[in-house]
Amino acid sequence: MKAPHSATYQDNYANAAMTARTRPNMDRDQQRNRNPAELRLLPAQRTSTSAFESPDLRFNKARRRRRSEQVPPVIVEYRRSYRVLIVSALLVSLAASFVTLSAGFQLDGSQNSFYTFRKWYTGLNGTLELEFKTEQPNGLVLYTDDGGTYDFFELKLVEGALRLRYNLGGGAQIITVGRELHDGHWHKVQVLRNDEQTSLIVDGVSQQRSTKGKEFQFGKFASNSDVYVGGMPNWYSSKLALLALPSVIFEPRFRGAIRNLVYADQPGGSTRRQEIKQQRDIKCGDVPCDHGELPARERPLRGVRGGNTTDACERNDPCQHGGICISTDSGPICECRNLEYDGQYCEKEKAPSEATFRGTQFLSYDLGQTGAEPIVSAQDAISFYFRTRQPNGLLFYTGHGTDYLNLALRDGGVSLTMGLANGKQEMHIKPSKVRFDDHQWHKVTVHRRIQEISSITSFCRLVTVVDDVYTDHSHIAGKFTMLSSSRVYVGGAVNPRALLGARVHTNFVGCLRKVEFSADTLNLNLIDLAKSGSKLIQVAGNLEYQCPSGDPQDPVTFTTRESHLVLPPWETGKQSSISFKFRTKEPNGIIVLATGSKQPRAKNPVLIAIELLNGHIYIHLDLGSGASKVRASRRRVDDGDWHDLILRRNGRDAKVSVDGVWNDFRTPGDGTILELDGHMYLGGVGPAYNSVSWPAAIWTATLRQGFVGCLRDLVLSGKAIDIAAFARVQDSASVKPSCHVQANVCNGNPCLNGGTCLEGWNRPICDCSATLYGGPTCGRELATLAFNGSQHMTIWLGNGQGTKTQTEELVIRFKTSRPAGLLLLTSAESNSPDRLEIALVAGRVRASVRLSDREKNLLAGQSVLNDNNWHTIRFSRRASNLRLQVDGAPPVRGMLSETILGRHSTMEIRSVHLGGLFHAEEEIQMTSTMPNFVGQMQGLVFNGQRYLDIVKSLGPELSALPSATFKLTARFVNSPAGQPYHAATFRSKHSYVGLAMLKAYNSISIDFRFKTVEPNGLLVFNSGRRNDFVAVELVNGHIHYTFDLGDGPVTMRDKSRIHMNDNRWHQVSIRRPGPKTHTLTVDDSFEIISLTGNNMHLELAGILYIGGVFKDMYSKLPASISSRSGFEGCLASLDLGDASPSLTSDAVVPSSLVVSGCEGPTKCSQNACANRGNCVQQWNAYACECDMTSYTGPTCYDESIAYEFGNNKGMVQYTFPENAQADTEEDNIALGFITTRPDAVLLRVESATTQDYMELEIVEGNIFMVYNIGSVDLPLGEIGTKVNDNAYHVVRFQRKGGNATLQLDDYNVQALTPQSHHSTVFNTMSNVQVGGKFSRNGRNRIERPFAGVIAGLSVNKLRILDLAVERDPHITIRGDVQLTPASGYPGALDDLIFSGAGSGCRGDDEDECTPPFESGSGDDLITPVYVPPTKQTTTSQQGNSLSTGGSSSGGVITNGTERACDDEDCVHGSGDYGETTEQFTSTSTARGSESNNEMVTITTTGRSDVTTEQHQGSSSSSSSGSTPSYATTQSSSSSNSGGSAASTPGQVSTTSSVATTSTQRATSSSTSTSSSTTTTTTTTTTTQATPPPEIRSTVTERDTTPYDVYIAGGGMGGSGRNDHDRMQLPDEHHPLPPLPPPIPPQDPPPYGPYGGNTYNTNMNNYRPKGKGGRINSIEEERTAMIIGIVAGILIAVVLVILLVLWLKSNGDRGYKTESEKAAAYGSHNPNAALLGNTSTNGSYHQQRQHHMQGGGGGGGAGQQQHHGQQQMHNGHNGNGNGGGGGGGGMMSSGSGSLGYGSDGRPQMAGLVQPKAKKRDSKDVKEWYV
């Protein structure tokens, strides 16, 4: 994939990157004018060193060289020392007043002097820059590594030269540049990476090296270390395993100043000036540092002088917009690396880098032609903006060889094809009903990232995002390691169809802006480079570096009848003209309306209007002296094609042309001037509440029919108008700045319930007049009014002022059994006879129209219509033409008497009456020839207004609208609920879909139905410009509607009495019927609000989110929105204004978790939750509440946290915070316990202010709860069952007021209802005492202590024992209390820890689990290791039991309580006495989040007792890989007779082994284990010990009677080291206490598996033994002896086999580069002494020496054996020279022992060692022995 690398790439891409800042005398303005990207990419010849230096600098260097050559070395040193003394004295004397702007970070070189900075993201071409000055020749300048595996960067001064030592997988490389850099002057340092090449530049002098291998990534960014400057933190001294270069800890610290540290600290991020990392963000290894507990010398900022407070860039950074502040001796300067800004402080915004491509122009570069190497990276990104009208064209291409990425516009969508190695991928982003060739700006971002998944396979993730909304993901797996780019084409190519992956064959035509290509930290703005004349970029054709701001040719589409644009007043006079192009398929709509005020002597207001009526164009023109209406088109123009219209006028004369056909006309009267002072309306007149007036002759305006179609090329009096620009800033949701045709919109019959579909312009028009439903698709039930003969509804138009019309259009549905009745009647002023009457006469419909003295009646209906069925009436009038139709019968037509069109055709309408005619004030029936209507009406539409829907949405506030006032005495009835339509299921709270932006600029209409069982979730959200937004959410089972029009957020809530999360359908309707009126209807709950703000428009932006938003967006939602998760459930019947979108097929952002139809919810079954857990219904699942079960887990089956309370009294106490001491009316308490005590207090809850308490206790073996809430003690108990039977019991207590219930296990519920009056409130709950209660005489004495185990304690859902494990500050643990391992509960499975691939991983995400082994042949064994549910029992020993000869103790036992070992340096096993057998089982995870379970089996001589001890250790790793789990089993003979097995007193003989066994499901015993093939290697170590305290354990086998054994001291034999050989770690400060006297054995209580005692729920198998419990029979002794002999022979055979295998495989071990590791850590390395490979005086070596020399198990001293790099995984192995025992090795019983790992570096035994990287080494198969 990559061509051979050469120095040319480094010259072109690295050395010139920052030359502007390496020239001290360069003018600052000249610096800023240089293009950093150009400097980095110029394919020029390499510049000599002198080119980077000024003459003065060269002169000074030459003078220093001459002096050093002439002066003897002794004098040089003397002068140098003298100069250093003088400078130091001056610095000290001026320290108080030192204010130099260039001070930087000061470090004094002390042992605590260092700085911590963020991680360096190196990528494959990263850079790091800094400046330093010092007078010390040696010191560590900077260090960072990969977290302790292999990769590192170390920058240090060595005898005045700067040395860069680094490792990227191919072995350590060293670059040295400069000399005598400790001259007290500032020196500029740059570290530049380019794939395998790394360069070090110091003051312009450059050196570079290449790394061997195939992979050059620097570790993994997530696990890499921070950047340390000046030195290393001291805590690394105890965690050398976390260092890839351990010797760095011993480097001398830097003394001097450092400034201008610049690098990238995030993947894909740009370089920036670094600031000191805050202490709270610093981690000590893999955990946060506890700076409060660390010694003062360990705190990170100690040892630095003054910090950086004197640095001007730190005190007041003047750079803006991401500019990098650079400190200089003359003050700060700003480097404007953000190419969008310029200026001295990067404060000036540059003109956008854009260019216009016309099909023959394009940009390109080809590095292969210039001899440069390709740009390689682990990740790259492409981003740009484009604007075009063309549906196809090549946008961007990059590739190298056969690898490519081809990005193009295809069929109006974004198309991407990619090839990498042998894999290919293709994606096409083209959302439903969205096109990107709309001549609007669209943003495209493509991101690729390589992720290694094995040594031979990598994974490339590909993400493409358009407009930050439309996203597609993909990936390719194959044999590749990086991304390469040697060719790039932008906007086209010579032959685009010849490019790899081509899907289009044409170049791009349009505008491109900010075309950026970034590869790791390299960032190229290609248009800027081309514009600046960079030699890298080739420009084909005459490219224009700008795009027109606006284009009058841009079309707009009016999508609804209410959509419109408002333009400024049209400046006209005596002459004017207007022209535009339009296209539509809808026959009616107002296109242009402009009005002016009425002049004093004018007859009418001036007016010009253009409308489309019945498919023809009509022109309305009135110059004030009379109106003229002319039909301009000879044929219909509603055919979907573009048509041209031109209107010119000169005075009264005018002519109009449609498609080139001219018509002349002349306005009446003498007016010649058209003075328009009102706004011009395009496409419509807006909502009904708009105060826009028009003459009655404009019929489409009267009928509220706006233009739906496309409009473009608007020219007013010769001035082109960019109407698309108006659309973008006004109603951008309803007026789209584009024009596309969608054919056959009625396919599939989108109209429901029998509605008729008509083809509109890109929309279906559903005629629902013959159905019971309404809405955009006839799916929503119509509002229905019922009249009883005395009820009515009245509408006053124009707020009582009335209106004048020349046309009416009416639709109404009715149902009645009466043959006669008044349906509708209009009335005018009292002196006007005009009226329109619709009535039922003799079962038929009659329409009567009266205009002045003319009247006409029409009768329709072939059959009797009073049949109590629904009928539909349609009536229309156009001047004198009348039309009446009933149902589907042929219409009846009529005409008023002939008259001229004008005043005599105008009807005055002041009010509309339904159901009857009533007097407005007196509420009495007025004179009418028709009786009132009795029946029901629905679906009333009068002149485009749906008045019944409006009245229903207003509720009781019928006078809230400015356009109409209502009076209603009839009542609304509930229509039969229809079936939900377009239903969809949101399967997750994290799912959502995106729809087109909500059309809510002037009004809002949202309807939907939902069903869920979840109480919370975001339903609808659409953000907007500035602070505008609209949201609907479910909060605690109620609907919240929140919006902001710019005057602040407003929230409306339903007032329903029920919660909506009841798994039933609920209807939500949101309306904005007036400019300041908003309504919310939820089922029968109605809310209305009237605002007082001045903002009239809701300016939304972006898409409409349904069901939630993406997860990162919740934190950015407005504060008034409470939802932080999405909706989970069913959503249906969604109507948004004039559209009913499908949530699946119409989603522009679909989701796989949103499916069609309503699924679920999953039902709670009877046995869904175990152990009587409460099943909580969720949508696609259920949850189990386990608080009252004593169990935990998703189904209440898992064991809860348990604590064991010993015989010596102990307590766990929780103290409520002062602000959380609540008064409770209800209490719920549950716990599980095991005990044998007949009298004890389990739990006590106390009050802080009163005598209130609750006490759960055992009295004579029965459980009781006694509570007092202010009156008397109230006891409640279960007396029928004893609970001190050593069985597991669960008790549940619930209190509500004075009444309470108690239930033990599954027995009957015991209830208590006090007869007298009692208080109901427990006041000020202050503390909970678990395991006993405090004496009233003092707080330190525990009365009636509990002995046993308590698990799963829940007090009012507060898990107190869980808090104890988490070390909650409100928890106090006193006395004999220990955490119990989670095992032994009834129904619990035995724990199995798998020592194989994937072991220990518990994450839900598969990416979190990394196989712990190297990939092998596939035959690796996966071995389950059984972990017995036992634990060490705490004894009553007083004082300390710390051995003088053993290893450092993992915990100190004081007063019977063992302090947990929480430090990795603690060593388990010290303090043990006698001959000890230990078994450790260690489990680790990738990030150290899981704890280890160490299983210790201790056997001592003197008694035949067996004790099993289980410790909770911790294991962590900073690498992202997993470390295999392994088990170490130690055993030895307990005989103290002579021979090779003899031991001397005071010593311990310990045998370690690692077992690999197959899966077993049997219980362990002291004598045998059911297993199959076992491979064991044994190592014996002898350490000094003293007799132990008594520890008891009983281990049960299925077919064997359990027995008890006790431990006592015994004689030991053999030879070994004395007490001064005890291992001490670097930070170990434990004093050596005096030896305690031996403690006689004590009798433990007879209870079980927790802590070494048996709690056996099966009482038939429980047979407690008496004291002693020895094996007394001769047969048993002989059997044991035979078993021991056979086992010894088998072990010897296995040892020989394993030794041979190990020796054979020893030479094949290898990691990374073995030669590098041998050189770094071998015996001949100068740093080897620091690591303990040679005899040195270092503390580390001494500690290792003390430990390495161990005695044989029975014979002479053991001899340490070294085997090169490869040592045993758990320490060094040795062969014993004594008879019968193995040689001494690493400390066998401590988890903190220090050893050498397989890579030759020091490791801590018990710590998780990082997984070896996969390089070129062979697959490593290790036998864990």
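In this text the structure is predicted, and so the values were computed from the model without any measurement.

So, about the overall build of the chain. In terms of regular secondary structure, the chain is built from 16 helices and 115 strands. Looking at the chain as a whole, 55% of its 1825 residues qualify as buried. If you take every contact in the chain between residues at least 6 apart in sequence, the share linking residues at least 24 apart comes to 69%.

Let us look at unusual backbone geometry. For Asn 943, which is not glycine, the phi dihedral falls at a positive 50 degrees. With respect to the helices and strands, Asn 943 occurs in the loop between β67 (934-942) and α11 (947-954). At Lys 1209, a position not held by glycine, the phi torsion is positive, near 70 degrees. Secondary-structure assignment places Lys 1209 in strand β87 (residues 1202-1215). When its relative accessible area of 37% is taken as the criterion, Lys 1209 is described as partly exposed.

Here we take up the environment of Glu 1260. Assignment of secondary structure puts Glu 1260 in the loop between β90 (1253-1259) and β91 (1262-1268). A sequence separation of 22 residues divides Glu 1260 from Lys 1282, and the C-alpha atoms of the two residues are 8.1 Å apart. Excluding residues that lie within four positions of it along the chain, Glu 1260 makes contacts with Pro 1238 and Lys 1282.

This next bit is on the sheet that holds strand β39 (residues 589-595). Pairing is antiparallel in the open sheet, where six strands are placed in the order β37-β46-β39-β40-β41-β42. Looking along the sheet, the strands with just one partner apiece sit at the ends: β37 (565-567) and β42 (627-631). Ignoring strand direction, the axes of neighbouring strands in this sheet form an average angle of 15 degrees.

The subject of this paragraph is the pairing of strand β83 (residues 1174-1177). Taken residue by residue, a regular strand's side chains alternate between the two faces of the sheet. Two elements, β83 and strand β84 (residues 1182-1185), share four bridges in a ladder whose sense is antiparallel. Each bridged residue has a counterpart across the sheet, and for Asn 1174 the counterpart in β84 is Glu 1185. Connecting the antiparallel pair β83 and β84 is a turn made up of four residues.

Tallied over the full model, the rule gives ten disulfides. Disulfide partner of Cys 768: Cys 778, at an S-S distance of 1.9 Å. Across the S-S bond of Cys 768 and Cys 778 the torsion is about -85 degrees, and the bridge reads as left-handed. Remark: Cys 778 occurs in the loop between β52 (773-774) and β53 (780-781) and Cys 768 occurs in the loop between β51 (764-767) and β52; sequence separation between them is ten residues. The exposure classification of Cys 768 matches that of Cys 778, with both residues buried.

One pass over the structure, following the stated rule, counts 31 aromatic pairs. Residues Phe 386 and Phe 508 carry aromatic rings whose centres are separated by 6.5 Å and whose planes lie at 85 degrees to one another, so their mutual orientation is edge-to-face. You can see Phe 386 sitting in strand β23 (residues 379-387) and its partner Phe 508 sitting in the loop between β32 (487-490) and β33 (509-519), a full 122 residues away along the chain. Of the two residues, Phe 386 and Phe 508, neither departs from the other in class, the shared state being buried.

The next thing to look at is a nonpolar patch on the surface. On the surface, Met 1681, Ile 1685, Ile 1689, Val 1693, Ile 1697 and Leu 1701 cluster together into a nonpolar patch covering about 550 Å² of accessible area. Of note, Val 1693 is situated in helix α13 (residues 1674-1705). According to the relative accessible area criterion, Val 1693 is partly exposed, its value standing at 44%.

Below, the discussion takes up α11. Residue pairs three or four apart in sequence face the same way in an α-helix, which turns once every 3.6 residues. Across the eight residues that make up α11, a large majority, six, are buried. Buried within α11 are the following residues: Tyr 947, Leu 948, Ile 950, Val 951, Ser 953 and Leu 954.

Right, let's get into the pattern of salt bridges. As enumerated under the stated definition, the model contains 48 salt bridges in all. Two residues, Arg 1026 and Glu 1099, come together in a salt bridge whose shortest N-O distance is 2.8 Å. Of this pair, Arg 1026 sits in the loop between β73 (1017-1023) and β74 (1029-1035) while Glu 1099 is found in the loop between β79 (1085-1090) and β80 (1104-1106), placing the two residues 73 residues apart along the sequence. Across the pair Glu 1226 and Lys 1296 runs a salt bridge, and its minimum N-O distance is 4.0 Å. Here Glu 1226, found in strand β88 (residues 1226-1235), pairs with Lys 1296, found in strand β93 (residues 1289-1296); they are 70 residues apart in sequence, far enough to count as distant. Note on Glu 1226: relative accessible area 43%, which makes it partly exposed. Residue classification places Lys 1296 among the exposed residues on the basis of a relative accessible area of 58%. Each of Asp 1239, Arg 1244, Glu 1246, Glu 1255, Glu 1257, Lys 1333 and Arg 1344 takes part in one network of salt bridges that share partners.

Counting residues in each nonpolar core, the largest one holds 64 residues, and the members touching the most others are Phe 384, Phe 386, Phe 396, Tyr 470, Leu 512, Leu 526 and Phe 1021. The residues contacting Leu 526, other than those within four sequence positions of it, are Leu 363, Tyr 365, Phe 396, Val 488, Val 490, Val 515 and Ile 537. With 44 residues, the next largest nonpolar core counts Met 793, Leu 824, Ala 847 and Leu 858 among its residues.

This next bit is on the side chain of Glu 1257. Position of Glu 1257 among the secondary structure elements: in strand β90. Judged by its relative accessible area of 8%, Glu 1257 is buried. Within the local environment of Glu 1257, its side chain forms a polar contact with the side chain of Arg 1344, the two groups lying 2.5 Å apart. Filtering out sequence-adjacent residues up to four positions away, Glu 1257 remains in contact with Ala 1240, Val 1241, Leu 1242, Asn 1262, Ile 1263, Phe 1264, Val 1266 and Arg 1344.

Another point: the sheet that holds strand β24 (residues 393-400). The pairing of strands in a sheet comes from backbone hydrogen bonds and takes either a parallel or an antiparallel form. Pairing is antiparallel in the open sheet, where seven strands are placed in the order β27-β26-β25-β24-β32-β21-β35. Whereas interior strands pair on both sides, the edge strands pair on one side only; in this sheet they are β27 (423-429) and β35 (538-540). Going across the sheet, the axis of each strand differs from the next one's by a mean of 10 degrees, ignoring polarity. In terms of strand pairing, strand β26 (residues 413-420) meets β27 through seven bridges, oriented antiparallel. Bridge pairing links Gly 419 to Lys 424 in β27.

Moving on, we get to the pairing of strand β7 (residues 172-177). Going residue by residue along β7, you find Gln 173, Ile 175 and Val 177 tucked away on one face and Ala 172, Ile 174 and Thr 176 left uncovered on the opposite face. One ladder, built from six bridges, connects strand β6 (residues 161-167) with β7; its direction is antiparallel. Residue Leu 164 lies in a different strand from β7, and its bridge partner there is Ile 175.

Let's shift gears to the environment of Glu 1099. Residue Glu 1099 is classed as buried on the basis of its relative accessible area, which comes to 15%. Not counting the four nearest positions on each side in its chain, Glu 1099 is found in contact with Tyr 1001, Gly 1024, Arg 1025, Arg 1026 and Asp 1028. A distance of 2.8 Å separates polar atoms of two side chains, one belonging to Glu 1099 and the other to Arg 1026.

With respect to the helices and strands, the residue Asp 151 is situated in the loop between β4 (139-145) and β5 (152-158). Asp 151 sits in the buried class, given a relative accessible area of 0%.

With that settled, the discussion passes to the environment of Leu 1231. Position of Leu 1231 among the secondary structure elements: in strand β88. Overall, the relative accessible area of 0% leaves Leu 1231 in the buried class. Note: C-alpha distance between Leu 1231 and Asp 1187 (44 residues apart in sequence) is 8.7 Å. Setting aside chain neighbours within four positions, we find Leu 1231 in contact with Ser 1190, Leu 1242, Leu 1243, Leu 1256, His 1289, Val 1290, Val 1291, Ile 1350, Ala 1351, Gly 1352 and Leu 1353.

With 68% of its residues at a pLDDT of at least 70, the chain reaches an overall mean of 74. Taken together, the stretch residues 1-102 has pLDDT below 50 and engages in 153 contacts with residues farther than four places along the chain or on a different chain. For the stretch residues 1707-1825, pLDDT sits under 50, and the model shows 311 contacts to residues farther than four places along the chain or on other chains.

How each quantity is defined
Residues numbered from 1 in each chain as written. Predicted model: local features only at pLDDT ≥ 70, side-chain atom pairs only at ≥ 80, totals over all residues. Heavy atoms only, no water. Helix = DSSP H or I, 4+ residues; strand = E, 2+ residues; numbered from the N terminus. Buried < 20%, exposed > 50% of the residue type's maximum accessible area, 1.4 Å probe, protein only. Contact = heavy atoms within 4.5 Å. Pairing = 2+ DSSP bridges. Axes fitted to C-alpha atoms, helices over the stretch in contact; angles between N-to-C directions. Disulfide = S-S within 2.5 Å. Phe/Tyr/Trp six-rings, centres within 6.5 Å; stacked < 30°, edge-to-face > 60°. Patch = residues over 30% accessible without salt bridge, like charges linked within 9 Å, V, L, I, M, F, W, Y side chains within 5 Å. Areas by Shrake-Rupley, 256 points an atom, 1.4 Å probe, with all protein chains shown as cover. Salt bridge = Lys/Arg side-chain N within 4 Å of Asp/Glu carboxyl O. Core = buried A, V, L, I, M, F, W, Y, C linked by side-chain atoms within 4.5 Å. Polar contact = N/O pair within 3.5 Å; in protein donor to acceptor, adjacent residues only side chain to side chain. pLDDT = per-residue confidence, 0-100.

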